[in-house]
Amino acid sequence: MKRVVIIGANEFQNPLIEKAKSLGYETHVFAWASGDIGEKTADYFYPISIVEKEKILEECKKIKPDAITSIGSDLAIITVNYVADALGLNCNDPDYSLICTNKFKMRKAFEKANIKVPRFERVKNVDEVTINKFPLIVKPTDRSGSRSIALVHTKEELKNSILKACDSSFEKCAIVEEVIEGKNEYSCESISFKGKHTILAITRKFTTGFPTCIETGHIEPAELPENIKNNIFEIIPKALDALHIKNSASHVEFKVGEDDSINIIEIGARMGGDCIGSHLVEISTGYDFLKMTLDVALGKEPDLEIKNEPHFALIKFIFDRKDLENVKLILNKYPGIYNSSMIDENFNHEVVDSSSRFGYYIFDIKDKNVLQDVRSVLFNE
């Protein structure tokens, strides 16, 4: 029996644990003990934080795993590459892990590879900012999940936003950059093996917009003209090469400019979180993305067989009671489109980032007319 180490145990990691077990692999899961579902579904659970890579390495020397992997967490990927490389297992080069988890280093890598980027700077206070064209985007350099992102129009807003972003940042730095051109936001899911990149799916993303930019839902496949799809297939592999992503899933967030250019926001060397990689890709393409991720970690060519008939995939995140009422309205009208859900109906706090939402509903939709009806109700389109 092959042993697979998985870094992370929360709801978004659990599909990987379950997939590994369904394939007959023995699962060894590392995470801070907090009662997450993966603590129970794993064959063996180790209460060690995902950032304690030295401790995890020492345990893995005893486990002797055949693969180490994770999905949906940038911090976990640093540990995955460090431990896998130390044990001689298939992974991305750990020397480049920080490029994929630090927005400033990522921008520098794109700039070096002649990939279009906005003007950007890494700062610790407002006095270090030299870009004098508003509006500007401010983010922590090394956090995800829409934490402490701000669109600012004045120097006073800039000062406050930098303080907040630096406070959220692990390295206590903020990135300040010009606004990336493009009305709608998209993402692209890929699998890479020995430097060969295969694009699997393109997702239309819905957000609260500025200042919070919290994702409210996703639809796959995204409806885009062929020329824009061609641009995506041209630029994404170049961007992955720029970040030295060779052996993993990847999640690229981007906007489409008025000239049909692909303007990259950021890239994760992992499948997309928020159920994109674990659920939506399989519904919308028929590909088993979770199995591909395990295949690559095991040093095997990813299985690109289409397992199921592709449908439209949609996820709606729950922010308040109105969202839940709209979902129930849709399910009463189209009960057959329900796929899965996770919901907390307490509604006892404000949603300030993706981690504080009240759950989600996933839909598997065959008919395009039904899809249009559902998105009009859930996304007011």
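As a starting point, this report considers the structure included with it. (Residues numbered from 1 in each chain as written. Predicted model: local features only at pLDDT ≥ 70, side-chain atom pairs only at ≥ 80, totals over all residues. Heavy atoms only, no water.)

### So, the overall build of the chain
The condition that has to hold: Helix and strand assignments follow DSSP, with helices taken as H or I runs no shorter than four residues and strands as E runs no shorter than two, numbered in order from the N terminus. The globule rule is 2.2 Å times the number of residues to the power 0.38, and the radius of gyration it is compared with is taken over C-alpha atoms. Whether two residues touch is decided by their heavy atoms; if any such pair falls within 4.5 Å, the residues are in contact. Exposure was quantified through the Shrake-Rupley algorithm and a 1.4 Å probe, taking into account, for residues, occlusion by the shown protein chains and nothing else. Here Asp and Glu are counted as negative and Lys and Arg as positive; His is not counted, and neither are the chain ends. Lysine's charge is taken at NZ, arginine's at CZ, aspartate's at CG and glutamate's at CD.
Tallying secondary structure elements over the chain gives eleven helices and 16 strands in all. By the compact-globule yardstick of 21 Å for 381 residues, the chain fits well, its C-alpha radius of gyration being 20 Å. Across its three principal directions, the C-alpha atoms of the chain cover 60 × 50 × 45 Å. Across the chain, the fraction of contacts at a sequence separation of at least 24, relative to all contacts at a separation of at least 6, is 63%. Summing over all exposed atoms, the chain offers an accessible surface of approximately 16800 Å²; the carbon and sulfur share of this is 48%. Across the chain, the 49 positively charged side chains and the 59 negatively charged ones have centroids separated by 2 Å.

### Points about a nonpolar patch on the surface
This is how the line gets drawn: Residues qualify for a patch when their relative accessible area is over 30% and they have no salt bridge, like charges being joined within 9 Å and the nonpolar side chains of Val, Leu, Ile, Met, Phe, Trp and Tyr within 5 Å. For salt bridges, the criterion is a side-chain nitrogen of Lys or Arg within 4 Å of an Asp or Glu carboxyl oxygen. Note on classification: 1.4 Å probe, protein chains only; a residue is buried when its accessible area is under 20% of the maximum for its type, exposed when over 50%, partly exposed between these limits.
Taken together, Val-51, Leu-75 and Phe-170 make up a surface patch of nonpolar side chains, about 260 Å² in accessible area. Within the secondary structure, Leu-75 is located in helix H4 (residues 74-86). Residue Leu-75 is classed as partly exposed on the basis of its relative accessible area, which comes to 31%.

### Observations concerning the pattern of salt bridges
Opposite charge on two side chains permits them to pair, given that their charged atoms come into close proximity. According to the stated counting rule, one finds 27 salt bridges in the structure shown. Glu-52 serves as the salt-bridge partner of Lys-55, at 3.0 Å between the closest nitrogen and oxygen. On the accessibility criterion, Lys-55 (49% relative accessible area) is partly exposed. Here Glu-52 falls in the partly exposed class, since its relative accessible area comes to 25%. Across the salt bridge formed by Lys-103 and Glu-266, the nearest N and O atoms sit 3.8 Å from each other. Linking Lys-103 in helix H5 (residues 103-112) with Glu-266 in strand S13 (residues 262-268), this pair joins segments that are 163 residues apart in sequence. The same class applies to Lys-103 and to Glu-266, which are both buried. Within the structure, one salt-bridge network assembled from shared partners comprises Lys-291, Asp-295, Lys-300, Asp-303, Glu-305 and Lys-307.

### Some points on the sheet that holds strand S8 (residues 174-178)
Within a sheet, neighbouring strands are paired by backbone hydrogen bonds and run either parallel or antiparallel to one another. Put simply, the rule is: A pair of strands is labelled paired if DSSP reports no fewer than 2 bridges between them. The angle between two axes is taken between their N-to-C directions and runs from 0 to 180 degrees, where each axis is a line fitted to C-alpha atoms and a helix contributes only its stretch in contact.
Pairing is antiparallel in the open sheet, where four strands are placed in the order S5-S8-S6-S7. Two strands bound the open sheet, and with one partner strand each, they are strand S5 (120-123) and strand S7 (150-152). Neighbour to neighbour, the strand axes of the sheet diverge by 25° on average, direction disregarded. Its contacts with the sheet place helix H6 (residues 155-168) against S5, strand S6 (136-140), S7 and S8, and it is angled at close to 20° to S6.

### Section: empty space enclosed by the protein
Which entries qualify depends on this criterion: Lining residues are those with an atom within 4 Å of a point, where the points come from a 1 Å grid over the protein atoms alone and group into cavities, where a 1.4 Å probe fits but cannot get out, or pockets, open sets with protein on both sides within 12 Å along at least five of seven lines. Grid points are joined across faces, edges and corners, and a volume is the space filled by probe spheres set on the points. Residues are grouped as follows: Ala, Val, Leu, Ile, Met, Phe, Trp, Tyr, Cys and Pro are nonpolar; Asp, Glu, Lys and Arg are charged; all remaining types, including Gly, are polar.
A complete count under the given rule lists four cavities of 30 Å³ or more for this structure. Considered as a void within the structure, the largest cavity measures approximately 150 Å³ in volume. Lining the largest cavity are 18 residues, and of these Ile-68, Thr-69, Val-80, Asn-247 and Ser-248 sit closest to its centre. Of all the secondary-structure elements, those providing two or more residues to the lining of the largest cavity are strand S4 (67-69), H4, strand S12 (248-256) and helix H9 (289-297). Looking at the lining of the largest cavity, its residues break down into nine nonpolar, eight polar and one charged.

### Section: the packing of helix H1 (residues 14-22) against H9
Keep this limit in mind: The labels follow the angle: roughly parallel below 35 degrees, roughly antiparallel above 145, roughly perpendicular from 65 to 115, and oblique for the rest.
The geometry of H1 relative to H9 is characterised by a closest axis approach of 10 Å and an angle of 75° between their N-to-C directions. In terms of orientation, H1 lies roughly perpendicular with respect to H9. In this structure, H1 contributes Pro-15, Leu-16, Lys-19 and Ala-20 to the contact, and H9 contributes Leu-290, Lys-291 and Leu-294. Tallied by class, the residues present in the contact of H1 with H9 amount to five nonpolar, no polar and two charged.

Geometric descriptors of this kind do not, in isolation, establish any biological role.
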